[in-house]
Every structure is written in C-alpha cells, then in structure tokens.
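Residue strings, one per chain:
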Amino acid sequence: MAFPKKKLQGLVAATITPMTEDGEINFSVIGQYVDYLVKEQGVKNIFVNGTTGEGLSLSVSERRQVAEEWVTKGKDKLDQVIIHVGALSLKESQELAQHAAEIGADGIAVIAPFFLKPWTKDILINFLKEVAAAAPALPFYYYHIPALTGVKIRAEELLDGILDKIPTFQGLKFSDTDLLDFGQCVDQNRQQQFAFLFGVDEFCIQRFINFVVKLENSKLKVSKNQRALPLGTTNFPFLH
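Now for a look at the structure at hand. (Residues numbered from 1 in each chain as written. Predicted model: local features only at pLDDT ≥ 70, side-chain atom pairs only at ≥ 80, totals over all residues. Heavy atoms only, no water.)

So, on to the packing of aromatic side chains. According to the stated counting rule, one finds eight aromatic pairs in the structure shown. Ring plane angle 75° and centroid distance 5.3 Å describe the contact between F47 and Y143, whose orientation is recorded as edge-to-face. Pair noted here: F47 is in strand 2 (residues 45-48) and Y143 is in strand 5 (residues 140-144), with a separation of 96 residues, a long-range link. Classification of F47 as buried rests on a relative accessible area of 4%. Taken together through their ring pairs, the aromatic side chains of F169, F174, F182, F194, F196 and F198 make up a single cluster. For K173, the ring lying beneath its charged end belongs to F47, and the centroid distance is 4.1 Å. (Phe/Tyr/Trp six-rings, centres within 6.5 Å; stacked < 30°, edge-to-face > 60°. Helix = DSSP H or I, 4+ residues; strand = E, 2+ residues; numbered from the N terminus. Buried < 20%, exposed > 50% of the residue type's maximum accessible area, 1.4 Å probe, protein only. Lys NZ or Arg CZ within 6 Å of the ring centre and 35° of its normal.)

In structure tokens, the structure reads:
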C-alpha cells in the first residue's frame, strides 16, 4: 500500500493551465508559477489538471505534458503534486494514472465519469477502483464535484468502507456546498486520517465575510444600547 510523504493538508493550489494567445499551452511560465506559489504565497501543494486547470478540455497528450512540466519544475520546491486523471474513458484515466506514477507525481485524483453516469455507489467505486489499480504505488483521492458531473452520490456514503475496495485511498477533494455531507465525511472517518480538502473557496470566503459583517453589526447594536461588554475591534480594515 502506498502512503504520501506526509498527510496532504493546508492550502492546495488548484493550478490554471497557462495558454498563449493562440490557444497553445504556455509551458515556459510554469516554472515561474511554481516560484510564485512557493515564494509569494507560501503554498507547496498543488492540484493539476482539475477544473481550474481545464484538464478535461485538454487532449490526453496535453494533460501528460502539463503534468510532466509541473512535476519537473516543482522538484525540490513543492511538497506534493497531485494530478487529476479523471476522464470519461476508463482506459484514458488508467493511462493518465500510470503516467502520473511514472513521472513521480505524489498522488492522483479522479472525478466521477459524467456522460454515462454511475447511478449507484458500487458502480462508482468500481470505476475508481480500476483507475487506482493502474497506479498502485500512488495515494488516491476522489474529486467530488456533483455540480459539474451530475453524479449525486453523497461523499459520506461513498467513503463508507472505501478502504476495503481501494487500499490506496487517502482522501477527498470536496467541491460542493453541502456542508452537512462534508461534515459527516470528516466526523465519521476521524480514525482513518484521510485528507479532506474543501474546494469551494468562494463559498468559504463569502461565509467568513458574512460572519465578520454580522459581528460588526452586533457590536454597533450593543454599543448603541449600552448593553453587555464591548467586543473590541477587528483587524479587517476593509470593514472600517
């Protein structure tokens, strides 16, 4: 069984795929991209060829080249390079998984096939199992993004007993706004030490801003009515 060098945690950048004006992949800037993430943002984990990277809009050849460039340029700079290898074709997913292992990626991730969709947990698990088996030395992550795949199988249901089917399973990228499902995934799998990555960044930011604004409004009301203790000030200048 494969295990990551260390648990995937903290910020994981979903990288874009840089393009030229002619629509060709601009490989020349990926090295600069790596340095920007590491030196300017302090981010050392990346998720390549996912939704942000438009992986499913690229050819298999292009996906392979992009993965190779990120692994090469990230060597000794990035902690973990996770390659998304999901595709409509099982054979293509397996090919991409094998390639990720060959180039020294740190893990692979797969979305559910979304044309002829799996309609039960078992069918989806069987698909994921076949892809994971193509790269048995790499940690495997499920990429849960039902808004794009249309596959509504709850992540919490999928994770129940998943290690029995996919021994290399290491975690989940959860790109959905169903926080109950996400919370149940975390709560019911505490003993497994899975990595749970929440992928709807804008959802988190908006909720956080809403919380701070409500806190500010609450302080104003308290101050006006001269009730209770003052709550102090925040460190968010955009609110002042």
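In spatial order, the strands read 1-2-3-4-5-6-7; together these seven strands make up an open sheet with parallel pairing. Unpaired on one side and paired on the other, strand 1 (13-14) and strand 7 (195-198) mark the two borders of the sheet. Examined bridge by bridge, strand 1 and strand 2 share two bridges and lie parallel to one another. Note that in strand 2 the partner of A14 across the bridge is F47. Set on the sheet, helix 4 (residues 121-133) makes contact with strand 4 (107-111) and strand 5; between it and strand 4 the angle comes to about 150°. (Pairing = 2+ DSSP bridges. Contact = heavy atoms within 4.5 Å. Axes fitted to C-alpha atoms, helices over the stretch in contact; angles between N-to-C directions.)

This brings us to the nonpolar core. If you look at the biggest cluster of nonpolar residues, it comprises 51 residues, and the most contacted ones within it are W70, L128 and F140. Sorting elements by how many residues they give to this core places helix 4 first, with six residues. Residue contacts for W70: discarding those within four places in its chain leaves T15, I16, I30, Y33, V34, L37, I46, V48 and L78. Counting 10 residues, the second largest nonpolar core, distinct from the first, contains L8, F47, I82 and A195. (Core = buried A, V, L, I, M, F, W, Y, C linked by side-chain atoms within 4.5 Å.)

With that out of the way, let us pick up the pairing of strand 6 (residues 169-174). With respect to burial, strand 6 is a largely interior element, six of its six residues being buried. In this structure, strand 5 lies alongside strand 6, joined through five bridges in parallel fashion. Pairing of H144 across the sheet is with F174, part of strand 6. Where strand 6 and strand 7 come together, four bridges link them in parallel fashion. Residue pairing in the sheet places L172 in a bridge with F196 of strand 7. You can see the chain leave strand 6, run along helix 8 (residues 179-187) and come back into strand 7, and the turn it takes is right-handed. (Right-handed = clockwise from strand over helix to strand, strands pointing away.)

Secondary-structure assignment places T15 in the loop between strand 1 and helix 1 (30-40). T15 gets classed as buried once you look at its relative accessible area, which sits at 1%. Ignoring any residue separated from it by four or fewer positions in sequence, one finds T15 in contact with Y33, L37, I46, F47, V48, T52, G53 and W70.

A word on the environment of L37. Note that L37 resides in helix 1. C-alpha separation for the pair L37 and K77, spaced 40 residues apart in sequence, amounts to 9.8 Å. What L37 contacts, discounting residues up to four positions off in sequence, is A13, T15, G42, V43, I46 and W70.

Time to look at a nonpolar patch on the surface. Together, L88, F115 and L116 make up a nonpolar patch on the protein surface, roughly 390 Å² of accessible area in all. Mapped onto the fold, L116 is located in the loop between strand 4 and helix 4. A relative accessible area of 72% places L116 in the exposed class. (Patch = residues over 30% accessible without salt bridge, like charges linked within 9 Å, V, L, I, M, F, W, Y side chains within 5 Å. Areas by Shrake-Rupley, 256 points an atom, 1.4 Å probe, with all protein chains shown as cover. Salt bridge = Lys/Arg side-chain N within 4 Å of Asp/Glu carboxyl O.)

The topology assignment puts R63 in helix 2 (residues 60-74). Buried within the structure, R63 lacks any salt-bridge partner; E92 is the closest side chain of opposite charge, at an N-O distance of 5.7 Å. Non-local contacts of R63, meaning those with residues more than four positions away in its chain, are made with N49, G55, L56, L58, H84, V85, G86, A87 and L96. (Lys, Arg positive; Asp, Glu negative; His and termini not counted.)

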